[in-house]
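# Coordinate analysis (summary)
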Amino acid sequence: MKLDVNALRYLSKDDFRVLTAVEMGMRNHEIVPAELVDRIAGLKHGGTYKVLRNLLKNKLVHHDATKYDGYRLTYLGYDFLAIKTLVNREVFASVGRQIGVGKESDIFEVATEDGTVLAMKLHRLGRTSFRAVKSKRDYLAHRRSFNWLYLSRLAALKEFAFMKALGEHGFPVPTAVDCNRHCVIMSLVQGYPLVQVRELQNPDDIFDTILGLVVRLAEHGLIHCDFNEFNIMIDEDEKVTMIDFPQMVSVSHRNAQMFFDRDIECIYKFFNKRFNLLSERFEEQNGSEIDDDENGRPSFLSVQKAAGSLDKKLAASGFTRKEQVEMDKFIHENAEEESSDDDNSTSEQEQESEGGDVVAVKINSLKIADQSEASTCLNGENTLANPSSSNGDTTEPLESGCSNDGDDSSEDPESEDSASFARQLNKQRKRAIAAAQGRRRPLSSRNAYKDKGKGTMNSKIQRQACKW
């Protein structure tokens, strides 16, 4: 979003009070309810809703009423809060033109009351050109939901801490002035990005100087991770200044060697392509002797941490341990979550398929058991119906699982009437056949009793007619 500070001069104290209330509500709300904004702001006579309409007109807040009536800060509103705070601190007094645009930040010129020109960097994580922050930066981890404004604030705080620590140890970096929210104020570098430079008087010296900076950073326990021609400034005297530090990691990082080799490869590739330069040796630089590998390139394994470890001392530079823990968690969570989600989904699908197979097997086994019982009962009925085929043993089929409904006539068939015994056998045979074929009694319709009654009356009339 384009920064237009003209509306800033027309905002009142109530406007900034409501903006601050929305910011405070976004600590635990993605969309802050309007009632909560009103309670936090504490304006009299319902003035909060009038102020919210004014802020919405200037695009400082965004209104969302999909689930409930609520608001959230936009980057422009967050910019106004940071600029207002820094102006109240008398860090600068005016905002000038935009001098740089990156995939995750915007650079503006600002001036103090005495006319000193500084650089203001506004971090804007989450823009369309760079939404892969979760896998490219180590700002957060173990959080499924996150706020882009909060991530921008963490990135600015981390960059300010690294810039201040590196400047204190003699590295050619801009001077860190102040930091608030997602805004970093630093000294303005009088130079050009290396990517815009076409000719150099001493390309060999600059090449060795840049490689020496990479090795010096590793000696101090840090790796830049984005050390290329876009983040190196060259002035008219061919003095090198490095910028852009939010992505820096420690040499104890598990991918530290890969990041170190990638930075070296970027420098070699650019100088070979732009200046047709091949460095065959890497000599002693800044008082520390560096051993080269077989190809003449600096080796990560040969770097000795002899100048102190800035990665451990940065907790005293304004970047607290709690914030470092939050930011160190972010880079590995995405791949781990995706792999774990895939494993869980596949295991659940396998369990469901296995469970379905088990249920199907159980149902089939029950059907087979019913059919076997039915066939056994049929065989038993046939045996009882034909005593000659059972070799005189009439009690064996009934003991194998077919109930006789409490009738003990099979034990003493001579004492029963032959007619009732035949009816009982026919009834058992019908039950067994129905069980084997899986028949069920059909559901009677709602008007079944009416049809039954009509059929009964018609049959009575027909019988009487026959008698007559």
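Residues numbered from 1 in each chain as written. Predicted model: local features only at pLDDT ≥ 70, side-chain atom pairs only at ≥ 80, totals over all residues. Heavy atoms only, no water.

As annotated in an unreviewed UniProt entry, the protein chain is Serine/threonine-protein kinase RIO2 from Zizania palustris. Turning to the protein chain, the UniProt annotation filed under Sequence similarities (unreviewed entry) states: "Belongs to the protein kinase superfamily. RIO-type Ser/Thr kinase family." A UniProt comment under Cofactor (unreviewed entry) is attached to the protein chain, and it reads "Mg(2+)". (UniProt positions renumbered as here; feature names shortened; annotations may be inferred.)

## Remarks on the side chain of K158
Following the sequence through the fold, K158 ends up in helix 6 (residues 148-168). By relative accessible area, K158 is classed as buried at 1%. (Helix = DSSP H or I, 4+ residues; strand = E, 2+ residues; numbered from the N terminus. Buried < 20%, exposed > 50% of the residue type's maximum accessible area, 1.4 Å probe, protein only.)

## Section: the nonpolar core
Counting 50 residues, the largest nonpolar core has L166, I210, I223, F260 and F271 as the members making the most contacts within it. Secondary-structure elements contributing two or more residues to this core are helix 6, strand 8 (183-187), helix 7 (203-219), strand 10 (222-223), strand 11 (232-234), strand 12 (240-242) and helix 8 (256-274). Per-element tally for this core: the top contributor is helix 7, with nine residues. If sequence neighbours within four positions are ignored, I210 has contacts with L194, F227, I232, V240, I267 and F271. (Core = buried A, V, L, I, M, F, W, Y, C linked by side-chain atoms within 4.5 Å. Contact = heavy atoms within 4.5 Å.)

## Focus on the sheet that holds strand 11
If you walk across this open sheet you meet the three strands as 9-11-12, and the pairing is antiparallel. The open sheet terminates on both sides in strands that have one partner only, identified here as strand 9 (192-193) and strand 12. Summarising the sheet, strand 9 and strand 11 pair through two bridges and their orientation is antiparallel. Each bridged residue has a counterpart across the sheet, and for Y192 the counterpart in strand 11 is I234. Those strands touched by helix 7 are strand 11 and strand 12, and its axis lies near 35 degrees from that of strand 12. (Pairing = 2+ DSSP bridges. Axes fitted to C-alpha atoms, helices over the stretch in contact; angles between N-to-C directions.)

## Topic: the sheet that holds strand 3 (residues 70-73)
In a beta sheet, neighbouring strands are held together by backbone hydrogen bonds and run either parallel or antiparallel to one another. Sheet architecture is open: three strands sit in the order 1-3-2, paired in antiparallel fashion. Since the sheet does not close on itself, it has two edges, and those belong to strand 1 (32-33) and strand 2 (61-64), each with one partner. Two elements, strand 2 and strand 3, share four bridges in a ladder whose sense is antiparallel. Counted as the bridge partner of H63 is Y71 from strand 3. The strands touched by helix 3 (residues 47-57) within the sheet are strand 2 and strand 3, with strand 2 carrying the most contacts at an inclination of about 110 degrees.

## Observations regarding the pairing of strand 8
In terms of burial, strand 8 is a largely internal element, four of the five residues being buried. Examined bridge by bridge, strand 6 (residues 117-123) and strand 8 share five bridges and lie antiparallel to one another. Bridging from a neighbouring strand, L122 pairs with C183 of strand 8. As paired strands, strand 7 (residues 176-180) and strand 8 are joined by four bridges and run antiparallel to one another. Opposite D178, over in strand 8, you have I185 as the bridge partner.

## Some remarks on the packing of helix 1 (residues 13-25) against helix 3
Each pair of packed helices can be summarised by the angle the axes make with each other and by the distance between the axes. The interhelical angle for the contact between helix 1 and helix 3, taken along N-to-C directions, is 90 degrees, at an axis separation of 10 Å. With respect to helix 3, the axis of helix 1 lies roughly perpendicular. The segment helix 1 lies against helix 3, with D14, D15, V18, L19 and V22 engaging T48, V51, L52, N54 and L55. (Parallel < 35°, antiparallel > 145°, perpendicular 65-115°, else oblique.)

## What to know about the environment of C225
On the secondary structure map, C225 appears in the loop between strand 10 and strand 11. Separated by 33 residues in sequence, C225 and M258 place their C-alpha atoms 9.1 Å apart.

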